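Now for the letters of each chain:
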2 protein chains.
Amino acid sequence: METSPMTKPQTLDWQQAFAGRAGNMQASEIRELLKVLAQPDIISFAGGIPDPALFPLDLMQRASADILADPASGRAALQYSVSEGYLPLREWIVGYMARRGVSCAPDNIVITAGSQQGLEFIGKLLISADDTVLVTAPTYLGALQAFDPYEPRYDSFALEADNRTPQSYRDAAAAGTGRIAFAYVVPEFANPTGLTATIEARRRLLDLAEELRIPLVEDAAYEAIRFEGDPLPSCQQLDIERCGGIDQSRVIYCGTFSKTIVPGLRIGWLCASRAFIGKIVLAKQAGDLHSPTLNQMIMHRIATKAHDAQVAAAVALYRDRRDAMLAALERYMPSCVGWTRPGGGMFIWVTLPDAIDTARLLVESLASERVAFVPGGAFFKDGAGRNCLRLNYSLPSIAEIDEGVARLGRLVAAELSRQAALPRRA
Amino acid sequence: METSPMTKPQTLDWQQAFAGRAGNMQASEIRELLKVLAQPDIISFAGGIPDPALFPLDLMQRASADILADPASGRAALQYSVSEGYLPLREWIVGYMARRGVSCAPDNIVITAGSQQGLEFIGKLLISADDTVLVTAPTYLGALQAFDPYEPRYDSFALEADNRTPQSYRDAAAAGTGRIAFAYVVPEFANPTGLTATIEARRRLLDLAEELRIPLVEDAAYEAIRFEGDPLPSCQQLDIERCGGIDQSRVIYCGTFSKTIVPGLRIGWLCASRAFIGKIVLAKQAGDLHSPTLNQMIMHRIATKAHDAQVAAAVALYRDRRDAMLAALERYMPSCVGWTRPGGGMFIWVTLPDAIDTARLLVESLASERVAFVPGGAFFKDGAGRNCLRLNYSLPSIAEIDEGVARLGRLVAAELSRQAALPRRA
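Residues numbered from 1 in each chain as written. Chains lettered and ligands numbered in written order. Predicted model: local features only at pLDDT ≥ 70, side-chain atom pairs only at ≥ 80, totals over all residues. Heavy atoms only, no water.

Re the pairing of strand β5 (residues 180-185) of chain B
Residue and element names in this part refer to chain B.
At step 1: For β5, the tally of buried residues reaches six of six residues, placing the bulk of the element in the interior.
At step 2: Bridging between strand β3 (residues 132-135) and β5 involves four bridges; their strand directions are parallel. Each bridged residue has a counterpart across the sheet, and for V133 the counterpart in β5 is F182.
At step 3: Direction of pairing for β5 relative to strand β6 (residues 216-219): parallel, over a ladder of three bridges. Pairing of Y184 across the sheet is with V217, part of β6.
At step 4: Traced from β5 through helix α9 (residues 199-212) to β6, the parallel crossover comes out right-handed. (Buried < 20%, exposed > 50% of the residue type's maximum accessible area, 1.4 Å probe, protein only. Helix = DSSP H or I, 4+ residues; strand = E, 2+ residues; numbered from the N terminus. Pairing = 2+ DSSP bridges. Right-handed = clockwise from strand over helix to strand, strands pointing away.)

Laid out in structure tokens, this is it:
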């Protein structure tokens, strides 16, 4: 090389070094919030976190000890392994999917680091910059975070209302590449609303996906946490009834053990046509080689022994907490406040009068009432939802739910009085 | 919606659905190979896999049992946690980096799923389509797989020879966006060559990076597996000596426990300026939320108790195997064959006469000799290296090394005789 070191070294400007997509990666409101939640006197309705009292510690300990005590399984658990995932776990998932009305084979399944990594791979494989992704409004914040680095535009669809025509979606996509990458939906007990799509809504969404010739991403994170009524057929099941089989299906199903067993082992899965799963396996190989073998072996043992019992315990605990939160909202909220009544999952979506900005309300709530929630704007891409907020009931106790909602009701009432006392704007 | 379901459903064309970058994600030669390796009579020099006899099963079992037996640590191990990683593990890594001449803080460290995920995040944050990435030729195949989906061009630099001028690199990059994203290097016992960059070569590379105003990615996967001689200063240490501190440094250091402790827990790290690590934490959050908490807690305990003993055991075992492989190459290879003499790591790079195509040789080797290796072409982006091959010595026994190299030498000799007997082409 011709040059010699400069006497005054040039410091790198990282902002210049980042690729364009890095600009789409910004710290989230929820994450900034979580720093406050470490303070012990906060009542938090902000997370989306299972109650760790449900974690099957004894079973985990036994499974881990059994796997590591045997040299053959212990070494396999700690060695490199295949990107698609541990076969016995994929076989267990095949059985689970069959109970959800989806007939598939292990080759239709890839193990991911929670469904978050599934969403990340979906974005990586399907979104080119300026493609359009169709989402509900509001939608799951973590999905937006997974998709955003691939620089999509977003357009929205409604589940229960009449939607725009396929041509209208095509026309809107023409502002970008003209391509619609896929539609993303959480059909059961959605994050953040707690709402569930009817069978008719699922069929209409499949119609739209078919007209637009796009995949439909079905995020089933909460489907097992059902408090009442019979399960609805998954979008994937409904699609297979039309098209004849999983390998013909346009639905990519994202499953996870995070809400049913434990989140900290980071085990989820994607179930889809082999044509898609083959590419996802390459994304997994390039992304992190494979999910930890030990974790997959532990999860296989726990799922085999205790999946349904874990689900039943979670349902019983969270149903009582949902009931307590609905009762508290009824008791403490001013009459102009509305909220959803979820049949499962972890969240209630609260709508305040338009004049209340929940991002500002949160600052006050943390300061004066010590109650945390997620402001609604975080779940929209277009600045909507600023008068809404998401409440989580899976982690706080019933006493905390009652006390926290009481404080929140008081704060909302005070804010409404304050606004009513202001001179009307000309 | 206006449309009704069509009677004959339209099946999705997945090739149409994939984003442009998916075209860059193709099954690798190594991966296809690995399917053959499951056959028990194959002698494999193809992997890059540690010997599982080294895995500290007892310590793993005890660590896992201790963590899960205590309800507080057990629940923490199985719950969601922060994206940057488990603080005590990051603190241990700070101590390790200090021994490598790098003074840093936990905020300079993020835990990744092996160094593979570190490379994936580096690609995601730094490569825009048609940017140029500078690599050695040959270079680590897994790095190419991590970067490829972000659609870079590649240009190459040499470590020991004189390089082109910075202006020449800039001119070549003008064929794409004109931007050079970063340079990537494995300074110690590189995969696939086993070669180590001298201090002077590291300084020249830092000069080039400084001239080009780009980050330098230092993949230190094999640095601890040193058979002889004193450690060389890392590129990051040399850079910090110039620029004054980690937060001013342009070097992104990729570390891993995969070669020193175990690969199957999937724990590695990145160490860099806070300006970069802050963004990587967002990539981690969007990508998989966090690495499994249990795995990080186990790795922290093993690293604290047994890191140096594990390294010493690996060094002793692999050094003997390297010696055996070098002796076998000397004994069995025709005199026109050359190879590297690595001072550590897991690989020897063999150069055959130009006329031998090692991809074709592999087919014959698997069929007639039952010996596996990786053809050299896999480690180049430009079709070079077709007369080279990579041999791994970390997994086969000394007897297998002797027998496998003997068979390979016989095959090469036979191929050379066959070619010599062919009529000379006009």
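Examining the interface of chain B and chain A
At step 1: Across the contact, 107 residues belong to chain B and 105 residues belong to chain A.
At step 2: Put simply, chain B and chain A have two salt bridges between them.
At step 3: For K124 of chain A, the salt bridge goes to E120 of chain B, with nearest N and O atoms at 2.7 Å.
At step 4: Residue contributions to the side of chain B that touches chain A peak at 10 residues, all from helix α11 (residues 274-288) of chain B.
At step 5: Looking at the side of chain B that touches chain A, its residues break down into 52 nonpolar, 33 polar and 22 charged. (Contact = heavy atoms within 4.5 Å. Salt bridge = Lys/Arg side-chain N within 4 Å of Asp/Glu carboxyl O. Nonpolar A, V, L, I, M, F, W, Y, C, P; charged D, E, K, R; others polar.)

Thoughts on the pattern of salt bridges
All names here are of chain B.
At step 1: For the structure on display, the rule yields 50 salt bridges over all chains.
At step 2: The closest approach of N and O atoms between R274 and D247, which form a salt bridge, is 2.4 Å. With R274 in helix α11 and D247 in the loop between α10 (235-243) and β7 (251-256), the pair connects residues that are 27 residues apart, well separated along the chain.

Focus on the packing of aromatic side chains
Two descriptors summarise a pair of aromatic rings, namely the distance from one centre to the other and the angle between the planes of the rings.
At step 1: Inspection of every chain in the model, using the stated rule, returns 28 aromatic pairs over all chains.
At step 2: Ring centres of F18 of chain A and F276 of chain B lie 6.2 Å apart, and the angle between their planes is 15 degrees; this geometry places the pair in the stacked category. Residue F18 of chain A is located in the loop between α1 (14-17) and α2 (29-37), and its partner F276 of chain B is located in helix α11; the two belong to separate chains.
At step 3: Measuring from centroid to centroid gives 5.1 Å for F257 of chain A and W269 of chain A, while their planes differ by 55 degrees, and the two rings are tilted. Remark: W269 of chain A occurs in strand β8 (residues 268-271) and F257 of chain A occurs in the loop between β7 (251-256) and β8; sequence separation between them is 12 residues. (Phe/Tyr/Trp six-rings, centres within 6.5 Å; stacked < 30°, edge-to-face > 60°.)

Things to note about the domain arrangement of chain A
All names here are of chain A.
At step 1: Segmenting chain A into domains produces domain 1 (20-55 + 308-419) and domain 2 (57-306).
At step 2: A C-alpha centroid distance of 25 Å is found between domain 1 and domain 2.
At step 3: Residue-level contacts link 33 residues of domain 1 with 32 residues of domain 2.
At step 4: Summed over both sides, the interface between domain 1 and domain 2 buries roughly 3000 Å², with carbon and sulfur atoms accounting for 63% of that surface.
At step 5: Area buried by domain 1 at its contact with domain 2 is led by F55, F379 and K381, which between them contribute 20% of it.
At step 6: At the boundary of domain 1 and domain 2, one finds three salt bridges.
At step 7: K381 is paired through a salt bridge with D148; the nearest N and O atoms lie 3.1 Å apart.
At step 8: Secondary-structure elements contributing two or more residues to the side of domain 1 that touches domain 2 are α12 (293-332) and β10 (347-351).
At step 9: In terms of residue count, the dominant contributor to the side of domain 1 that touches domain 2 is α12 (nine residues). (Domains from an automatic or database assignment. Buried area = accessible area lost by both parts, 1.4 Å probe.)

A short note on helix α12 (residues 293-332) of chain B
At step 1: In this model, α12 of chain B (40 residues) spans only 49 Å end to end at C-alpha, well below the 58 Å of a helix rising 1.5 Å per residue.
At step 2: In the structure, α12 of chain B departs most strongly from a straight axis at A306 of chain B, where the bend amounts to approximately 75 degrees. (Expected span 1.5 Å × (residues − 1). Bend = angle between axes of the 7 residues up to and from the residue.)

Looking at unusual backbone geometry
At step 1: Cis geometry marks the peptide bond from A137 of chain B to P138 of chain B, where omega comes out at 10 degrees.
At step 2: By the element assignment, P138 of chain B lies in the loop between β3 and α7 (141-147).
At step 3: Despite not being glycine, E151 of chain A shows a phi value in the positive range, around 60 degrees.
At step 4: As for its placement among the helices and strands, E151 of chain A is situated in the loop between α7 (141-147) and β4 (153-156).
At step 5: Taking the relative accessible area as the measure of exposure, E151 of chain A reaches 29% and is therefore partly exposed.
At step 6: With a phi close to 75 degrees, D130 of chain B is a non-glycine residue in the positive phi region.
At step 7: As for its position among the elements, D130 of chain B is in the loop between α6 (114-126) and β3.

Looking at the state of the cysteines
Residues and elements named next belong to chain B.
At step 1: In the structure shown here, the tally under the stated rule is zero disulfides over all chains.
At step 2: Lacking any disulfide linkage, C104 is separated from the closest cysteine sulfur, that of C271, by 3.9 Å.
At step 3: Taking the relative accessible area as the measure of exposure, C104 reaches 13% and is therefore buried.
At step 4: In this model C388 remains outside any disulfide bridge; the closest cysteine sulfur is found in C336, 13 Å from its own. (Disulfide = S-S within 2.5 Å.)

Quick word on the environment of A69 of chain B
All names here are of chain B.
At step 1: Position of A69 relative to the elements: it lies in helix α3 (residues 57-69).
At step 2: Residue A69 is classed as partly exposed on the basis of its relative accessible area, which comes to 46%.
At step 3: For the pair A69 and P106, spaced 37 residues apart in sequence, the C-alpha to C-alpha distance is 28 Å.

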